[in-house]
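Residues per chain are reported as follows:
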Amino acid sequence: QQQVSDSFLKQAVDSVGDTLFIADVITMKFVFVNAALCKRLGYTEAELLAMGPADISATSTKEMIQQRFMELFKPESDGKLLFRTAHKTEAGVVIPVECHLSAILLDGRRSVVSVSRDISTEIEFEERLKAKTRLLELISEYLPVGFALNYRGNRAFHFMNRRFGQIYGWPN
């Protein structure tokens, strides 16, 4: 019965698209990795199980990661953390990810479950949106007419261009 349950759980975790690993906080080694992590990073399950989070991090050292993990077990922590970081593949490609960490006890050992998703598309979209926003700000700044924006019910201006300030004598 237990083997069927373990097999079912592994199959279920391997079927999700997000990457998932469980790491021991003391040894800083993986104790479980799902198929999505293997596929995304280009390693076999056996290769990853011989590694740890620092081996796939593009931004943090082993000590930095271990410190972050230990913070999850402090009494004032809720044992969860959401942040952005980056993983590196076997080929050296850097993949930005949003990472959800949860502290757990696994067979009495402090461990961390990490679920990450690739946010490359979101970052690209954010950068394009920032560029378009900046372009619109530049265009509106040099319009020959006064232009201001405020929110309904709020007397403070969210934005006013230089010409608006000149026409109405308001500082920019």
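Residues numbered from 1 in each chain as written. Predicted model: local features only at pLDDT ≥ 70, side-chain atom pairs only at ≥ 80, totals over all residues. Heavy atoms only, no water.

**Some details on a nonpolar patch on the surface**
We apply this condition: Within this analysis, patches are made of residues with over 30% relative accessible area and no salt bridge. Like charges are joined at 9 Å or less; nonpolar side chains (Val, Leu, Ile, Met, Phe, Trp, Tyr) at 5 Å or less. Values of accessible area rely on a 1.4 Å probe in the Shrake-Rupley scheme; residue burial ignores everything except the protein chains shown. What counts as a salt bridge is simple: a side-chain nitrogen of Lys or Arg found within 4 Å of a carboxyl oxygen of Asp or Glu. A run of H or I in DSSP becomes a helix once it reaches four residues, and a run of E becomes a strand once it reaches two; helices and strands are each numbered from the N terminus.
A cluster of nonpolar residues, Leu-135, Leu-136, Ile-139, Leu-143, Val-145, Phe-147 and Leu-149, forms a patch on the protein surface that exposes about 620 Å² of accessible area. Looking at which element gives the most residues to the nonpolar patch, the answer is helix α6 (residues 120-141), with 3 residues. Topologically, Phe-147 is positioned in the loop between α6 and β6 (148-150).

**Quick word on the layout of surface pockets**
Definition in use: The definitions used throughout rest on a 1 Å grid laid over the protein atoms alone, on which a cavity is an enclosed set of points accommodating a 1.4 Å probe that cannot get out and a pocket is an open set flanked by protein within 12 Å on both sides along at least five of seven lines; lining residues are those having an atom within 4 Å of a point. Grid points are joined across faces, edges and corners, and a volume is the space filled by probe spheres set on the points. Polar here means any residue other than Ala, Val, Leu, Ile, Met, Phe, Trp, Tyr, Cys and Pro, which are nonpolar, and Asp, Glu, Lys and Arg, which are charged; Gly is therefore polar.
In this structure, the largest pocket encloses a volume near 190 Å³. Residue lining of the largest pocket: Asp-6, Leu-9, Lys-10, Val-13, Leu-20, Ile-22, Phe-32 and Leu-106, and that is the complete set. Looking at side-chain class alone, the lining of the largest pocket contains 6 nonpolar, no polar and 2 charged residues.

**Overview of the side chain of Ser-57**
Under the convention used in this document: Between N or O atoms, a polar contact is any pair within 3.5 Å; within protein, one atom must be a potential hydrogen donor and the other a potential acceptor, and residues adjacent in sequence are included only when both atoms are from side chains. In this description, contact between two residues means that some pair of their heavy atoms is separated by no more than 4.5 Å.
Relative to the helices and strands, Ser-57 resides in the loop between α4 (53-56) and α5 (62-71). A distance of 3.2 Å separates a polar atom in the side chain of Ser-57 from the backbone nitrogen of Thr-59. Not counting residues up to four positions away in its chain, the partners in contact with Ser-57 are Ile-65, Ala-86 and Lys-88.

**Digging into the pattern of salt bridges**
Quick reminder of the rule: The cut-offs for exposure are 20% and 50% of the maximum accessible area for each residue type, with area from a 1.4 Å probe on protein chains only; residues under the lower value are buried, those over the upper are exposed, and the others partly exposed.
Applying the stated criterion across every chain yields a total of 10 salt bridges. Residue Lys-10 pairs with Glu-45 through a salt bridge whose shortest N-O separation is 3.7 Å. You can see Lys-10 sitting in helix α1 (residues 2-14) and its partner Glu-45 sitting in helix α3 (residues 45-49), a full 35 residues away along the chain. Across the pair Glu-137 and Arg-134 runs a salt bridge, and its minimum N-O distance is 3.4 Å. Pair noted here: Glu-137 and Arg-134 are both in helix α6, with a separation of 3 residues, about one helical turn. Classification of Glu-137 as partly exposed rests on a relative accessible area of 34%. We classify Arg-134 as partly exposed; its relative accessible area is 45%. Salt bridges sharing common partners tie together Lys-10, Asp-14 and Glu-45.

**What to know about empty space enclosed by the protein**
Vacant regions in the atomic arrangement are exposed by a probe of water-molecule size rolled over the atoms. Scanning the entire structure with this criterion turns up 1 cavity of 30 Å³ or more. What lines the largest cavity is a set of 15 residues, among which Pro-53, Ile-65, Phe-83, Thr-85 and His-87 lie closest to the centre. Only α4, α5, β3 (80-88) and β4 (94-106) provide two or more residues apiece to the lining of the largest cavity. For the lining of the largest cavity, the element with the highest residue contribution is β3, accounting for 4 residues. A per-class count over the lining of the largest cavity returns 9 nonpolar, 5 polar and 1 charged.

**A few points about unusual backbone geometry**
One non-glycine residue, Met-28, adopts positive backbone phi at about 55°. Its place among the elements puts Met-28 in the loop between β1 (19-24) and β2 (30-33). Exposure remark for Met-28: the relative accessible area of 4% places this residue in the buried category. Look at Asp-107: it is not a glycine, yet its phi comes out positive at around 55°. By secondary structure assignment, the location of Asp-107 is in the loop between β4 and β5 (109-118).

**Points about the environment of Ile-123**
In this structure, Ile-123 sits in helix α6. Judged by relative accessible area, which is 26%, Ile-123 ranks as partly exposed. As a C-alpha pair, Ile-123 and Leu-138 span 15 residues in sequence and 22 Å in three-dimensional space. The contacts of Ile-123, once residues within four sequence positions are left out, are Arg-84 and Pro-96.

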